[in-house]
Amino acid sequence: MIKMGGVKRAIIKMATFTGSMAPVLVLWLAMSLSGTWAVDKGNFKTCDQSAFCKRQRALKPGDSPYRALLETMELTNTRLTLQLINDNNKVRLLLELYRLQGNITRVKINELKPLKPRFEVPDVLIREPSTEPLSLLSQDENGVVLSLGAESQRVIISARPFRLDIMEGPEVLMSLNSRGLLAFEHLRMRKDTQAEPEGEKKEDADPANQTEKDEEDKIDGMWEETFKSHSDSKPNGPSAISLDFSLPGVEHVYGIPEHADTLRLKTTDNGDPYRLYNLDVFQYELYNPMALYGAVPVMLAHKAQRTTGIFWLNAAETWVDISSNTAGKTVFGKMLDYVQGSSETPQTDVRWISESGIIDVFIMLGPTPKDVFSQYASLTGTQSFPPLAAVGYHQCRWNYNDQEDVASVDAGFDEHDIPYDYIWLDIEHTDGKRYFTWDPHKFASPKEMLQALEDKKRKMVAIVDPHIKVDSNYKIHNEIRNKGFYVKNKDGGDYEGWCWPGSAGYPDFTRADMRDWWASMFAYDQYEGTMENLYTWNDMNEPSVFNGPEVTMHKDAVHGAWEHRDVHNLYGLYVQMATAEGQIQRSGGVERPFVLTRAVFAGSQRYGAVWTGDNAAEWDHLKVSIPMCLSLGLVGLSFCGADVGGFFKAPSTELLVRWYQTGAYQPFFRAHAHLDTPRREPWLFGPENTALIRDAVRQRYTLLPYWYQQFYHAYRTGEPIMRPLWVEYPQDPATFALDDEFLIGKDLLVHPVTEEGARGVTAYLPGKDQVWFDVHTFQKHNGAQSLYIPVTMSSIPVFQRGGSIIPRKMRVRRSSSCMMHDPYTLYVALNLQRSAEGELYMDDGHTFNYEKKEFIHRKLSFAKNMLSSVNLTPDAQFSTVSWIERIVILGASKPSKVTLKTADGQESQLEFDFDASMSVLTLRKPGMNAGLDWTVMLQ
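Residues numbered from 1 in each chain as written. Predicted model: local features only at pLDDT ≥ 70, side-chain atom pairs only at ≥ 80, totals over all residues. Heavy atoms only, no water.

Undergrad: Residues and numbers for the pattern of salt bridges, please.
TA: In this structure the tally under the stated criterion is 57 salt bridges. Across the pair D414 and K456 runs a salt bridge, and its minimum N-O distance is 2.6 Å. With D414 in helix 8 (residues 403-415) and K456 in the loop between helix 9 (446-455) and strand 23 (459-463), the pair connects residues that are 42 residues apart, well separated along the chain. Exposure remark for K456: the relative accessible area of 21% places this residue in the partly exposed category. A salt bridge links R565 to E563, with the nearest nitrogen and oxygen atoms 3.1 Å apart. (Salt bridge = Lys/Arg side-chain N within 4 Å of Asp/Glu carboxyl O. Helix = DSSP H or I, 4+ residues; strand = E, 2+ residues; numbered from the N terminus. Buried < 20%, exposed > 50% of the residue type's maximum accessible area, 1.4 Å probe, protein only.)

And the structure:
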């Protein structure tokens, strides 16, 4: 967060800094803070201001200069290699093709003989992917055909020009370089450089190559470029790569977060491409393709018959262009095409452009959405399984003033009977922005503060940012400097920039030894004043550099053998990785970590949670939180939320209440506010609004059993927790562009109220043969319809799918840990076949013992008037004292009697109530242990 206070406050703070850059930073802050709170788009590049993007985008579709040299083809059991040649400059590339387990095809393209190695992204793939056999079906002078095994899938490589098509039967699933936009800027010596390598001299002897060099050296930005006052030297010269993908039959593509935009990605023909470059964007603008804090280069393409995915494994600045042959066509225009018999197949074309590195792309062939999630998870891992408490409510602001303030806020939650699990501390809790420390006056006895929270079974999160104050009296700085762990500038000295502490160094988290050292700093004897109920928030990890180009690190900074331009989008992932490992190590590997990050990349899901950054207290920011989290979930990052109430500005009471109601149904539920905003603890807006907020938070807590099992499911499968409707209803076009409602798992549908003064919302309930039950009134509605729902300020439209069983805990206490042994209520919603299924998962809530099969995982089933609980994992070992205290069956008929049969063979009659007007049967006090087998029979 560029957490800007008012100009006066910022300048006063900066006046305390020493060093020659202080006046520059004061001026920068004053300029940033003047006028309204809004993004200064001039601080961030457009494609035209990014030399490599401008160069690559100037290439128009047409015949590709690349052809495949079929005589160089080598095929082993696990891979195909083939040389490509650029007929314009005679530079050769090496194509590698792999068939991977799980219906994935990997394509790598690199220079055959680069002047020096090009960067290949490490640490993102969880293992080297397992391959499956490739076989040659046919070959002639025009190309080769390879079998991909199942479902008559094959790859066709055309030689002149080079093109790669993936087919299934007669259908083309995806084409690469079909528009001829493959581009690979080979590394070269600058024309005026002395002592060129022998290989380069030979190449230069070619008149065509010399002409290329003469022409290229006339283009701005090849060897150096300037943005505002910042100069970017490029000692390796131009190194951009580009490749186009065509998706026949596809009109809807999703993913490539993070952008404050609609769920369905838009075409970019008339504007900038979507940009993937982790940046600290001050109060971002909505509905545009500007880069934000995260960059996950994964796109999903969906049509009724199939879902596919593209994972572009590259950590450099990347731009993604999207075009469509149906973009802009009205419904009438499409109908006219149909009536006139137009044979044009809808198609979306996508082009990826990266500044450096190699082409390394994983094509995930589905065919279902859940297959794509599984395929991506097999490459980069699944969402980490958080401690149960992290799924509860989090209370934060910048900043709680001191220990007394923390105690007062904590007491306020008890006084107003609102549960919460974590209270957070921002940067002001430290000793002068020195992370891993405490302000000696405001937080003089942190262990006492933490123990007071622990006594109530509550926890705390404290911020630890990756910019380190340059101060010879600061232990952390001295150790990093002495070990040589700082990122270097292009001249070999320690890179320094300006951030919250003033002059700051930036640890080189790309180094494994640096990450190991960082992790060791979380040990209780290193990070003084900490206890096991203190967790961590990594902010500013794009990295944010106030006086850097685009408020981030200079691209020609150095990480060992690599420039920052090669690794930029990895930096935040590495920070969170090292922090999570530190939390695990401090407990001897016993306790699960909780780490929130702002900057993310592919694989970040393995290390914790993410939030959508510095939003504003505006209705449109509330609305966009839904597609932003849906987009992150589609690419593996399920543990997502937005600052409830908006970080900047002061929300109206109505907006604050509606935001709590929305946030209560998103995976990460945290209120957060800017230093200069009025206090907004939930009880500060009058008793009526306190009651509304309390009710929203309590709804979250009653559903914790369901939320927790969704997190377990995401950890096991990679499926998103908060998901678009098309994931579960992939053949229903009415769901493809919906992003104002969503599913939690497959069984709860939520349509938050996000319009000011709304008196009703229209929710689409999917499924032609489906029924949905309002969770508040139990009213039944048919699927495949748009339903108008009148709302009041207390309304949160939520529906349970017919055919599902959802466990809840109705006794809400002050934190999730206090509810650990409380009983369950089962909500059984019957479908048209009068059946239902669900699950019940429980473990100790905080350790890794679930990996040792110390958990309970039960299947709940209702069929033929019998409700039963059976063990899904008989070899698992865990016990619980929780019991089933109520069963509510929606869509039921009145029985004459109800019999419970327990695991020991005992039978007993159960009391029940039946509401004939709503067809709701309530079984009271059945009392069986939640971890054992039992059957309830309705007669």
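Undergrad: Provide a residue-level description of unusual backbone geometry, including the pertinent values.
TA: Each neighbour pair has its own omega, and for W398 with N399 the value is 10°, a cis peptide bond. Relative to the elements of secondary structure, N399 occurs in the loop between strand 21 (393-395) and helix 8. Going from E542 to P543, the amide bond is cis rather than trans, its omega being 5°. If you trace the backbone, P543 turns up in the loop between strand 27 (534-538) and strand 28 (558-559). With a phi angle near 55°, K228 is a residue other than glycine that sits in the positive phi range.

Undergrad: Describe the pairing of strand 3 (residues 92-100), listing the residues and the values that go with them.
TA: Among the nine residues of strand 3, seven are classified as buried, and the element is accordingly described as predominantly covered. Pairing analysis gives seven bridges linking strand 2 (residues 79-86) to strand 3, with the strands arranged antiparallel. Bridge pairing links T81 to E96 in strand 3. Counted along the chain from strand 2 to the antiparallel partner strand 3, the turn is five residues long, and its residue K90 has a positive phi close to 65°. (Pairing = 2+ DSSP bridges.)

Undergrad: Which residues make up the state of the cysteines, and what are the values?
TA: Tallied over the full model, the rule gives two disulfides. Disulfide pairing places C47 opposite C53 at an S-S distance of 2.0 Å. Its torsion about the S-S bond being -100°, the disulfide of C47 and C53 is classed as left-handed. Between the sulfur atoms of C629 and its disulfide partner C640 the distance amounts to 2.1 Å. Its torsion about the S-S bond being -75°, the disulfide of C629 and C640 is classed as left-handed. On the criterion of sequence distance, the pair formed by C629 in helix 14 (residues 619-634) and C640 in strand 32 (residues 640-641) is long-range, its members being 11 residues apart. C629 gets classed as buried once you look at its relative accessible area, which sits at 2%. Sequence-ordered numbering of the bonded cysteines in the chain gives a pairing of 1-2, 3-4. (Disulfide = S-S within 2.5 Å.)

Undergrad: Talk me through the pairing of strand 25 (residues 496-499); I want residue IDs and the actual numbers.
TA: In the case of a regular strand, side chains alternate between the two sheet surfaces. Two strands pair when backbone bridges link them, and strand 25 and strand 26 (residues 502-505) are joined in this way by four bridges, in the antiparallel orientation. Within the sheet, the bridge partner assigned to E496 lies in strand 26 and is G505. Hairpin remark: strand 25 followed by strand 26, antiparallel, with two residues in the connecting loop.

Undergrad: Give a detailed account of helix 7 (residues 369-380), specifying residues and quantitative values.
TA: Look at helix 7: 17 Å from first C-alpha to last across 12 residues, which is about the 16 Å you get at 1.5 Å a residue. Along helix 7, the residues classified as buried are P369, V372, F373, Q375, Y376, A377, L379 and T380. Where helix 7 ends, the next residue or the one after it, G381, has phi of about 90°, a positive value. (Expected span 1.5 Å × (residues − 1).)

Undergrad: Describe the sheet that holds strand 37 (residues 748-750), with residues and values.
TA: The six strands lie next to each other as 35-36-37-42-39-40, forming an open sheet whose pairing is antiparallel. Each edge of the sheet is formed by a strand with only one pairing partner; in this case those strands are strand 35 (722-723) and strand 40 (780-782).

Undergrad: How would you summarise the packing of helix 14 against helix 15 (residues 653-663) if you had to cite specific residues and measurements?
TA: The N-to-C vectors of helix 14 and helix 15 enclose an angle of 5°; their axes lie 10 Å apart at closest approach. Considering their axes alone, helix 14 and helix 15 lie roughly parallel with respect to each other. From helix 14, W619, H621 and L622 reach across to helix 15, where they touch E654, L655, R658, W659 and T662. Here the residues of the contact of helix 14 with helix 15 are counted per class, giving four nonpolar, two polar and two charged. (Axes fitted to C-alpha atoms, helices over the stretch in contact; angles between N-to-C directions. Parallel < 35°, antiparallel > 145°, perpendicular 65-115°, else oblique. Contact = heavy atoms within 4.5 Å. Nonpolar A, V, L, I, M, F, W, Y, C, P; charged D, E, K, R; others polar.)

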